[in-house]
Amino acid sequence: MKELNLQQTMDMLMEVCRAVIQSKQLLTEVDSSIGDGDHGIGMAGGMEKAKAALAEGAPFADINTLFKTTGMAMINTMGGASGIIFGSMFLGGLKGLEPITVLDGNTFTRMMRGALSAIKARGKAEMGDKTMVDALEPAVLAMEKLPDADWVTLMRAAADAAKTGVENTKLFVAKFGKAQYLGERAIGFQDAGATSVFIIFNAMYEFVRSH
Amino acid sequence: MKKIINDGQNVVAEMLSGYLTAYSRYYERVGDSNAFTYKNRRKHKVSIVIGGGSGHEPLFIGFVGKGLADAAACGNIFASPNPELIMNTAQAVDEGCGVLFLYGCYAGDNMNFDMAEELCALEDIQTAHVRIWDDCASAPKERKETRRGIAGDVYVIKVAAAAADAGYPLDEVVRIAEKARDNINTIGLATSPGSIPGLDKPTFELGADEIEFGMGLHGEPGIERTKMQPAAQLVNRMYDELKKEMLLQAGQQIAVLVNGLGSTTLLELNIVYHELAKHLTADGLDVHDVEINQFCTCQEMGGFSITILKLDEELKRFYDTACYSPYYAREALA
């Protein structure tokens, strides 16, 4: 499969919402070790709202609006830093993108590169800061190495790279959030935001694999 | 944790419903959102919008009113309000003279208010912001712009709102708010954790006989954990930190805020000031005003903070004006 049509893209985003909502407990536990413990509630709440907004907004004219609806729902329900950051994961790649009704891997890769740039500009985080960037950036790099790949190959690479990125966050001290005050004591624990990035890419992979 | 709530998901909306219904003579909700405005606000002036995560009451809801902020945008528990809510709140009180956002310096608040300002620019609303970073235990002086905002918010809001009411233009209100912010420091001490309504887990763990100096409102680790001590020793340690940080010298005129973090009683807070006053007198400080109450809390967190504002003639003029909200009222000081 090289292209997703509008309905398939919508179904994939719905699958992402479901996967994150189901991971609420896991994310809460991961975040409780070194953070505020509210990441699971926040992400699940944002994705519940996104899912409802997608269902309510259908039919959509283009794929751009699907991503915009998802991102804005997250920003406007979650609040806090993670609302902006994860909302930007869906919104950040839309800048300058002509309205599209078919999504190919190359376009999606470019969108995720745009999202990564927007997130880094807004949150000022770099690789190694123990944030979601540690999972998102390797996923984008992995996708960029696979131009013209089919969706399954592309998303498997993205999910694998994100998973490795999550593992790597265990090695870092945190530069942001509550965990920054723990210094070396944060080492050994994975970052909750990076974990969410993996869950999102993995849900996309599972979706394209089974369709 | 026993909490007088219904569904943990609805605590902010239900709290605001109670507050705004009870005090409907003063306040009006912005649509059905978690934001509200002060009905009798002075017109044709710079508008002051405050906001941040909920759960710290009376901050922020209790600092909207006469001589105080014009509106507040309330986020979820301990989470910043979102950009759209902030923008709608600003729009509701904009008089065409500019809107000043005052909020505590936290990553989430900084990002959401920044994005709100971008949205306001699209609506031709002129905006500015002053981030409050009074907690001197949260980062060294060289990185003060990464420090957290805590009870010092009270003074910045009070002074900036008075300057706006006096008819100063936006850039001048910003200058005065920044001057207040740069002359305020706070240090806190935690004796027990708070909790997020709806969650069983406390925001941090602290031994039954332990206290932590400098611990943040959300359980951010502080500068030293020790065994519990008598009030005199606790205050001694905290005053030393403030004195060093603020270079306090004899003759300096100051205002002092003793703030309870949630479950610490007024009896205890007044004992804190009983001790603090001895130091202030011994060092020859000119104490212009003192307030002892709960201003900025973290649910049932135990402990207190001490805030000092160094006054000059200009700040004093704005500090001294009368203000009123159901949770924060003062007569004009002579």
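This is a predicted model, so every value here is computed, not measured.

Some remarks on the overall build of chain A
Part 1: When helices and strands are tallied, chain A shows 9 helices and 2 strands.
Part 2: Traced from its N-terminal end to its C-terminal end, chain A shows the element sequence β-α-α-α-α-α-β-α-α-α-α.
Part 3: Relative to the globule expectation of 17 Å for 211 residues, the C-alpha radius of gyration of chain A, 16 Å, shows essentially globular dimensions.
Part 4: With respect to the three principal axes, the spread of C-alpha positions in chain A is 45 × 35 × 30 Å.
Part 5: With 211 residues in all, chain A has 57% of them scored as buried.
Part 6: When contacts within chain A are restricted to residue pairs at least 6 apart in sequence, those whose partners lie at least 24 apart make up 67%.

As for the interface of chain B and chain A
Part 1: On the side of chain A, 19 residues touch chain B, which itself brings 20 residues to the contact.
Part 2: Elements that contribute at least two residues to the side of chain B that touches chain A include exactly β4 (71-77), α2 (83-93) and α3 (107-122) of chain B.
Part 3: Tallying contributions element by element places α3(B) first for the side of chain B that touches chain A, with 5 residues.
Part 4: Class assignment for the residues of the side of chain B that touches chain A results in 10 nonpolar, 7 polar and 3 charged.

Examining the packing of helix α2 (residues 24-34) of chain A against helix α3 (residues 39-57) of chain A
Two quantities define a packed helix pair, namely the angle between the helix axes and the distance between the axes.
Residues and elements named next belong to chain A.
Part 1: One way to put it is that α2 packs onto α3 with a least axis distance of 7 Å and a crossing angle of 145 degrees. Contacts between α2 and α3 involve Lys24, Gln25, Leu27, Thr28 and Asp31 from the first element and His39, Gly40, Ile41, Met43 and Ala44 from the second.
Part 2: Grouping the amino acids of the contact of α2 with α3 by side-chain chemistry returns 4 nonpolar, 4 polar and 2 charged.

Topic: unusual backbone geometry
For residues besides glycine, phi is generally negative; the peptide bonds are generally trans as well.
Part 1: Omega for the bond connecting A:Ala58 with A:Pro59 falls within 30 degrees of zero, at -5 degrees, which places this linkage in the cis form.
Part 2: Locating A:Pro59 in the fold gives a position in the loop between α3 and α4 (63-78).
Part 3: Phi angles above zero are rare outside glycine, and A:Lys124 is one such case at about 60 degrees.
Part 4: In this structure, B:Asp124 is a non-glycine residue whose phi angle is positive, near 60 degrees.
Part 5: As for its position among the elements, B:Asp124 is in the loop between α3 and β6 (127-132).

What counts, and where the lines are drawn
Residues numbered from 1 in each chain as written. Chains lettered and ligands numbered in written order. Predicted model: local features only at pLDDT ≥ 70, side-chain atom pairs only at ≥ 80, totals over all residues. Helix = DSSP H or I, 4+ residues; strand = E, 2+ residues; numbered from the N terminus. Rg over C-alpha atoms; globule rule 2.2 N^0.38 Å. Buried ≥ 20, exposed ≤ 12 C-beta atoms within 10 Å, placed from the backbone. Contact = placed C-beta atoms within 7 Å. Nonpolar A, V, L, I, M, F, W, Y, C, P; charged D, E, K, R; others polar. Axes fitted to C-alpha atoms, helices over the stretch in contact; angles between N-to-C directions.

Keep in mind these numbers describe shape, not what the thing actually does.
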